[in-house]
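# Remarks on the overall topology
Residue strings, one per chain:
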Amino acid sequence: MISIKRVSKRMFMTLLFLGALTTTFEAISGVEAEDVKNWYNHNSSSSSESLDRGNANEDDDTFRFLGLTFKSMNNEPTIETQVSSSVETIHDVSLEEAFDWSQYPTKKVIATGYTAGVESTGKYPNHPSYGITYSGVKVKRDLYSTVAADTSVFPIGTILFIPGYGYGVVADIGGAIKGNRLDLYYDTVTDVYNNWGKKQLDVYVVKMGEGKLTEEQLESLNEEESMQVFRQKYIKNKTKS
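Presented here is a report on the structure given in the accompanying data block.

Scoring rules and cut-offs
Residues numbered from 1 in each chain as written. Predicted model: local features only at pLDDT ≥ 70, side-chain atom pairs only at ≥ 80, totals over all residues. Heavy atoms only, no water. Helix = DSSP H or I, 4+ residues; strand = E, 2+ residues; numbered from the N terminus. Contact = heavy atoms within 4.5 Å. Areas by Shrake-Rupley, 256 points an atom, 1.4 Å probe, with all protein chains shown as cover. Buried < 20%, exposed > 50% of the residue type's maximum accessible area, 1.4 Å probe, protein only. Arc of directions from axis to C-beta. Salt bridge = Lys/Arg side-chain N within 4 Å of Asp/Glu carboxyl O.

Okay, the overall build of the chain next. Each helix and strand in the chain was counted, giving 10 helices and 6 strands. In the chain, the proportion of contacts linking residues at least 24 apart, taken out of those at least 6 apart, comes to 74%. Total accessible area on the chain is roughly 15,400 Å²; 53% of this is exposed by carbon and sulfur atoms.

Pasting the structure below:
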C-alpha cells in the first residue's frame with residue numbers, strides 16, 4: 001500500500017510538471033489539454049485496474065483537478081504581439097528625424113519656390129524647352145527634386161537637404177538666383193504658396209556637384225531602394241494634396 005501511495009504521489013507531481021509543459025505546447029500547437037488527459041487515461045487503464053477503488057477515486061479527482069487547471073489556463077486571454085514591418089515603423093518618421101544631418105556642412109540661404117510655368121520661366125506648355133532645366137533634365141518634384149541655384153555657390157549636380165522640402169538636386173539656374181539663393185521646384189503655383197513661399201534657412205550640403213546632371217543620375221537617386229519608404233510617403237502626401 002505504501003508503494004502504491006508513493007507511486008501515486010510521484011505520478012501526481014509528474015502530472016503537475018507535465019501540466020506546465022502541456023500549457024506551453026498547447027499554445028504553440030493548438031492541441032487541447034483534454035486530449036492529453038484522455039490519452040493518459042487510455043494508456044494507464046491497465047495499471048489502474050490493480051489499484052483499489054479508493055485510489056482510483058483519488059486518481060479521478062487528480063485528473064479532474066488537472067483538467068480544471070488546464071481549462072482555466074486555456075481561458076486566460078491571449079495577447080497577440082504584432083510586429084510592425086520596417087516600412088510601417090519608419091512611415092511615421094520624417095526625413096528630418098531619420099538621419100543625423102549634423103554630419104553635413106550647412107549654408108544659410110533664402111529659398112523661394114518656382115514652377116515650370118510662364119509665371120516663373122516665361123514659357124508656356126507648347127514651348128519646346130518647357131519644363132527642361134539648364135542641366136537638360138526635366139523638372140521634377142520627387143524624393144529628390146530639381147532646384148535652381150547660383151552655380152558659383154552650388155554647382156550643377158549638388159545634392160542638398162532642405163528642411164521642410166526634402167532633397168534638392170541643383171539642376172537649374174535663374175536670372176534672380178544669385179549668391180546664397182535657391183529656387184525650389186513645385187508642380188503648381190498653388191503648391192508654392194501653400195507649401196513654401198519664401199524662407200530663410202540653413203540647408204545641408206550632402207554632396208557638391210561636378211557641374212553636370214543626367215536623367216539617369218536623377219532617376220537613380222529617386223529609385224534608391226533603401227529610400228523608397230520616404231518616397232512612398234511623399235507620393236501619398238502628394239496624391240492627397
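Next, the rest of the story.
For the rest of this paragraph, the subject is helix H9 (residues 215–222). By the burial criterion, the buried members of H9 are Leu218, Leu221 and Asn222. Looking down the long axis of H9, one finds its buried residues gathered within 95° of arc, a one-sided arrangement.

Turning our eyes to something else, we now look at the environment of Lys140. Assignment of secondary structure puts Lys140 in the loop between helix H7 (118–121) and strand E2 (144–149). Owing to a relative accessible area of 29%, Lys140 belongs among the partly exposed residues under this scheme. The spatial distance from the C-alpha of Lys140 to the C-alpha of Ala116 is 9.7 Å, given a sequence separation of 24 residues. Setting aside residues up to four positions removed in sequence, Lys140 forms contacts with Ser145, Thr146, Tyr185, Leu218 and Asn222.

Overall, the coordinates contain 3 salt bridges when judged by the stated rule. Asp142 serves as the salt-bridge partner of Arg231, at 2.9 Å between the closest nitrogen and oxygen. In this pair, Arg231 is assigned in helix H10 (residues 228–240) and Asp142 in the loop between H7 and E2, connecting sequence segments 89 residues apart. Classification of Arg231 by relative accessible area gives buried; the value is 12%. Using a relative accessible area of 9% as the deciding quantity, one classes Asp142 as buried. The residue Arg231 makes a salt bridge to Glu223 at a minimum N-O spacing of 3.0 Å. Owing to a relative accessible area of 44%, Glu223 belongs among the partly exposed residues under this scheme. Each member of the salt-bridge network shares a partner with another, and the members are Asp142, Glu223 and Arg231.

As for its position among the elements, Gln228 is in helix H10. A relative accessible area of 19% means that Gln228 is categorised as buried. Excluding residues within four positions of it along the chain, Gln228 makes contact with Asn222 and Glu223.

With that settled, the discussion passes to the environment of Pro163. By the element assignment, Pro163 lies in the loop between strand E3 (159–162) and strand E4 (166–172). On the basis of relative accessible area, Pro163 is assigned to the partly exposed category, the value being 24%. Sequence separation between Pro163 and Leu95 is 68 residues, and the spatial gap between their C-alpha atoms is 8.4 Å. Discounting residues that sit within four places of it in the chain, Pro163 has contacts with Glu96, Trp196, Leu201, Asp202, Val203 and Tyr204.

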